[in-house]
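Structural overview
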Amino acid sequence: MKILCGYNANIDAIYKVDGSQMAEMAESYREEISEKIKDPPGFISSIPDFFAGLFTSMEKGTGAEWMVRDKEVSRWLRNNFLEGSLLRMGGNMGIMANVLSELGASRVIPNVANPSELQMSFFSRKAIFIPDGGEIQIDGSGGAFSTFESDENELIHFVFDFKKGEKFRFIENIISVPRENRFIATYDPLNFELHIDEQFSRYALEHIGEMDGALISGYHLLRERYPDGSSYVEKLNRSLDQLKEWKVLNNKLYIHVEFGHFSSDKMAYDVFNSLFPLVDSIGINEDELAMLAHMSELDTSGILEMDAEAILETAVSLCEVSGPGRVQIHTREFVLSVASDMHLGAEHILETLHFGVNCAAAFACSGKLDERENLLKIASSIGRSKYGKEQVQNIADQIPSGDDGITREDSIFRKYREHFICAVPTRLCGDPVATVGLGDTISSAIFLRELELRA
Ligand SMILES: Nc1ncnc2c1ncn2[C@@H]1O[C@H](COP(=O)(O)OP(=O)(O)O)[C@@H](O)[C@H]1O
Ligand SMILES: [Mg+2]
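Rules used in this analysis
- Residues numbered from 1 in each chain as written.
- Chains lettered and ligands numbered in written order.
- Predicted model: local features only at pLDDT ≥ 70, side-chain atom pairs only at ≥ 80, totals over all residues.
- Heavy atoms only, no water.
- Near = heavy atom within 4 Å.
- Polar contact = N/O pair within 3.5 Å; in protein donor to acceptor, adjacent residues only side chain to side chain.
- Areas by Shrake-Rupley, 256 points an atom, 1.4 Å probe, with all protein chains shown as cover.
- Helix = DSSP H or I, 4+ residues; strand = E, 2+ residues; numbered from the N terminus.
- Nonpolar A, V, L, I, M, F, W, Y, C, P; charged D, E, K, R; others polar.
- Pairing = 2+ DSSP bridges.
- Axes fitted to C-alpha atoms, helices over the stretch in contact; angles between N-to-C directions.
- Contact = heavy atoms within 4.5 Å.
- Domains from an automatic or database assignment.
- Buried area = accessible area lost by both parts, 1.4 Å probe.
- Salt bridge = Lys/Arg side-chain N within 4 Å of Asp/Glu carboxyl O.
- Parallel < 35°, antiparallel > 145°, perpendicular 65-115°, else oblique.
- Left-handed = near helix turned anticlockwise from the far one by under 90°.
- Buried < 20%, exposed > 50% of the residue type's maximum accessible area, 1.4 Å probe, protein only.
- Phe/Tyr/Trp six-rings, centres within 6.5 Å; stacked < 30°, edge-to-face > 60°.
- Lys NZ or Arg CZ within 6 Å of the ring centre and 35° of its normal.
- Core = buried A, V, L, I, M, F, W, Y, C linked by side-chain atoms within 4.5 Å.

Labelled according to an unreviewed UniProt entry, the protein chain appears under the name ADP-dependent glucokinase, originating from Methanolobus halotolerans.

What about the site of ligand 1?
Neighbouring residues of ligand 1: 16 residues in total, closest N285, H330, T331, C429 and G439. Residue N285 places a side-chain N or O atom 2.9 Å away from an oxygen atom belonging to ligand 1. Residue L438 places a main-chain N or O atom 3.3 Å away from an oxygen atom belonging to ligand 1. Coverage of ligand 1 by the protein chains reaches 82% of its 570 Å² of free accessible surface. Elements supplying a minimum of two residues to the shell around ligand 1: α13 (346-366) and α16 (438-454). Of all the elements, α16 adds the most residues to the shell around ligand 1, at four residues. A per-class count over the shell around ligand 1 returns seven nonpolar, six polar and three charged.

Examining the sheet that holds strand β6 (residues 107-110)
An order of β6-β1-β13-β14-β15-β16-β17-β20-β19-β18 is seen for the 10 strands of this open sheet, with the pairing classed as mixed. Edge positions in the open sheet fall to β6 and β18 (406-408), since each of these has one partner strand only. Strand-to-strand twist in this sheet, taken as the mean axis angle between neighbours without regard to direction, amounts to 20°. The pairing of strand β15 (residues 281-285) with strand β16 (residues 326-330) spans five bridges and is parallel. When the sheet's bridge partners are listed, G283 is paired in β16 with Q328. Across the sheet, helix α5 (residues 92-102) lies against β1 (2-7), β6, β13 (213-217) and β14 (254-258), angled at about 165° from β1, the strand it touches most. In this fold helix α15 (residues 386-398) packs onto β17 (334-339), β18, β19 (411-416) and β20 (419-425), with an angle of close to 155° to the strand it touches most, β20.

A few points about the domain arrangement of the protein chain
Here the protein chain is described as being made up of domain 1 (2-189) and domain 2 (259-454). Of the residues lining the interface, 13 residues belong to domain 1; the matching set on domain 2 comes to 17 residues. Where domain 1 abuts domain 2, roughly 1,200 Å² becomes buried across the two surfaces, and 69% of that area is made up of carbon and sulfur atoms. Along the contact surface separating domain 1 from domain 2 lie one salt bridge. Between K126 and E371 there is a salt bridge; the shortest N-O distance is 3.3 Å. Seen at the junction of domain 1 and domain 2, the total is three residue pairs in polar contact (both at pLDDT 80 or more). Sorting elements by how many residues they give to the side of domain 1 that touches domain 2 places α5 first, with seven residues. For the side of domain 1 that touches domain 2, the per-class residue count stands at seven nonpolar, two polar and four charged.

Details of the packing of helix α1 (residues 19-26) against helix α3 (residues 47-60)
Look at α1 against α3: their axes get within 11 Å of each other, and the N-to-C directions meet at 150°. Judged on the interaxial angle alone, α3 and α1 are roughly antiparallel. Considering how the two elements wind past one another, α1 and α3 form a crossing that is left-handed. For the pair α1 and α3, the contacting residues are G19, M22, A23, M25 and A26 in the first and F51, L54, F55 and M58 in the second. For the contact of α1 with α3, the class distribution of residues is eight nonpolar, one polar and no charged.

Regarding the environment of A396
Tracing the backbone through its elements, the reader meets A396 in helix α15. A residue is classified by how much of its surface remains accessible, and A396, at 7% relative accessible area, is buried. Counting along the chain gives 354 residues from A396 to G42, while the straight-line C-alpha distance between them is 45 Å. Every residue in contact with A396, bar those within four places of it in the chain, is listed here: T407, I412 and R414.

Regarding the packing of aromatic side chains
Under the definition given, this model contains 23 aromatic pairs. Ring centres of Y254 and F447 lie 5.9 Å apart, and the angle between their planes is 20°; on these two criteria the pair is classed as stacked. Of the two residues, Y254 sits in strand β14 while F447 sits in helix α16, which places them 193 residues apart along the sequence. Ring geometry for F259 versus F272: centroids 6.2 Å apart, planes at 90°, classification edge-to-face. Of this pair, F259 sits in the loop between β14 and α10 (265-275) while F272 sits in helix α10, and the two are 13 residues apart along the sequence. Cluster of aromatic residues (ring-pair linked, three or more members): Y15, Y29, F50, F51, F55, W66, W76, F81, F160, F168, F170 and F183. Residue placement shows R107 over the ring face of F129; its charged tip is 4.0 Å from the ring centre. Lying over the aromatic face of Y226, K235 brings its terminal NZ or CZ to 4.4 Å of the ring centre.

Describing the nonpolar core
Soluble globular proteins: nonpolar side chains tend toward being buried together. Counting 66 residues, the largest nonpolar core has F50, F55, L77 and F160 as its most contacted members. Top element by residues in this core is α3. It accounts for seven residues. Beyond its immediate sequence surroundings of up to four residues, L77 is in contact with F50, V68, L82, F158, F160 and A185. Core analysis: the second largest hydrophobic core is formed by 63 residues, Y226, W246, L253 and M267 among them.

Concerning the pattern of salt bridges
Opposite charge on two side chains makes pairing possible when the charged atoms of those side chains draw close. The full count for this structure, using the stated rule, is 28 salt bridges. Of the charged contacts in the structure, one is a salt bridge between D410 and R384, with a shortest N-O distance of 3.4 Å. With D410 in the loop between β18 and β19 and R384 in the loop between α14 (372-380) and α15, this residue pair connects regions lying 26 residues apart in the sequence. Through salt bridges with shared partners, a single network forms among E27, R30, E31 and E172.

As structure tokens, this is what we get:
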């Protein structure tokens, strides 16, 4: 399978916070920081802003993500924290491109906003092809910072993990952390603009006829307003024009868009409604579904509790408004596909959902992507979500089966309100090694299996 991947890849740097050490570093900015803690700016344009955000998060035990707006601060963060961080591929697209490559796609072409040596070192070696420099040739075991010069423009999400129970003094106050959580300082101006690399665009156009699919994410990083006064609309449209052009040149191209957490319900809703019928399918989690439901003034109760019937009703209502397409909702407990057309037979769709669930569970437990056979072997020993099974069963009980309905312990298929519904429970890893990117793993594995079954 040959697959184009847009748009967001970055570097995630995970740093384990030592409170006293942070307080010591913050000492020379103490007055400014205490002023900022009283009136948190919500973004970072100076070093005191950073400490104000970090200390506020730690004191309350809440998670937060603040954008770094200043290149000098980004340099300061790199100089102070990069070397002590665990570095890995970040960005939904970067993660999904690696899943496709590791699971056996023959060629995966990612859009990389900042193709620095460090960024490139996180890509899978199996099938990733970068239009610019040809096959990736960097060796090294995936991103040891010390082996690469850090690039001025490196796109880094600095994740500051702090532990429950940590105690330290800052000025006169004792900060005591009530809950483990993370404060994220993100320097990523290019992906926030949905940057499209020229070489990627050119390669995609020249080779579009050979491509089987396109896997797209990164819309959730759009901002309502940019410093130059522009809005997200033009950036979104530039991407939609690209997808339209691909579809015109290759009407067999299968396109899946994976959602993420948007900064506003309105933008999430706008993007969702501008994608169908251009793209074939959209992947979302329950939080993202609740945002869409909220904007459409639909009942949101039950969605966050992962009530399958509530999720199903909402998804069908959204599909009725947005036009023909398929929404695939993954929750911790089950995966549900709601489609206006059958792009594959029901048994095949169920097979793709199981494949995605199995890959994600194996990845969660082992922390790495492996050969497909090994992943599936690991997955077979991971139990299915009990709650997920009950929820799937509820749908089966509520909707008459009809002639071609399928009802099994781990798979159901129904027709409901003119839509085709498939659902399977997840397999849950009790003690996951990896927690980030599990949804991306589910969606990209399902996508790859769909392409294979369509061929
Ligand atoms: N412990 C776990 N074991 C297996 N799968 C999990 C586990 N926790 C979460 N998942 C899967 O990962 C998905 C997370 O998706 P999402 O919230 O979109 O994360 P991300 O966008 O970070 O990839 C869940 O819907 C669930 O299917
Ligand atoms: Mg997700």
